[in-house]
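# Descriptive structure summary
What follows is the residue order along each chain.
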Amino acid sequence: KVQALRIELLHALSRRGNRVPLQELGQEARVQQRKQGLHQAKKLIDFIRIFPENFSVSADDTQMIVETASTNVSDQSMIELSIQRNNQALNSMSKGGKGDGKRSRHVGSSRRPQYMPMQAPSSAGGCGW
């Protein structure tokens, strides 16, 4: 799956002249299809950075630009490395590390305002409701 997305990104770049804004690359239907179910591709820029020999990333005034550096996809060693890193991150999270889900994210505060219950009016000298 990782290799398939890598190759699809190279095809998408080729279809668009080998130089594409990152946001446009992420909008490609075929790229989105290959991204599904890949934790490494949660953020496309992070995925692209796994393959520095294939993709060059630069920034202009307003956006990141991805360019084809090489179309050679024979070296797959970085895929295994990425999977190992991903598994290590998942293991550390499941062992009570960051994001274990046992604590509320908004400790001490709530997004909704707190309302105090009103006391019932007394019958002596009240407005008579």
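Keep in mind that this is a model prediction, so the values were computed, not measured.

The rules behind each value
- Residues numbered from 1 in each chain as written.
- Predicted model: local features only at pLDDT ≥ 70, side-chain atom pairs only at ≥ 80, totals over all residues.
- Heavy atoms only, no water.
- Helix = DSSP H or I, 4+ residues; strand = E, 2+ residues; numbered from the N terminus.
- Contact = heavy atoms within 4.5 Å.
- Areas by Shrake-Rupley, 256 points an atom, 1.4 Å probe, with all protein chains shown as cover.
- Core = buried A, V, L, I, M, F, W, Y, C linked by side-chain atoms within 4.5 Å.
- Buried < 20%, exposed > 50% of the residue type's maximum accessible area, 1.4 Å probe, protein only.

### Examining the overall build of the protein
The helix and strand inventory of the protein stands at five helices and three strands. Along the protein, from the amino end to the carboxyl end, the secondary structure elements read α-β-α-α-α-β-β-α. Residue pairs in contact within the protein that sit at least 24 positions apart in sequence constitute 54% of those at least 6 positions apart. On the protein, roughly 9900 Å² of surface is accessible, and the fraction owed to carbon and sulfur atoms is 49%.

### With respect to the nonpolar core
The biggest cluster of nonpolar side chains holds 23 residues, and the ones touching the most others in it are Leu9, Leu25, Phe47, Ile48, Phe51 and Phe55. Looking at this core, the elements with two or more residues in it are helix H1 (2-15), helix H2 (22-27), helix H4 (44-48) and helix H5 (77-94). Among the elements that line this core, the one with the most residues is H1, at six residues. Non-local contacts of leucine 9, meaning those with residues more than four positions away in its chain, are made with Leu25, Val31, Leu44, Phe47, Ile48 and Phe55.

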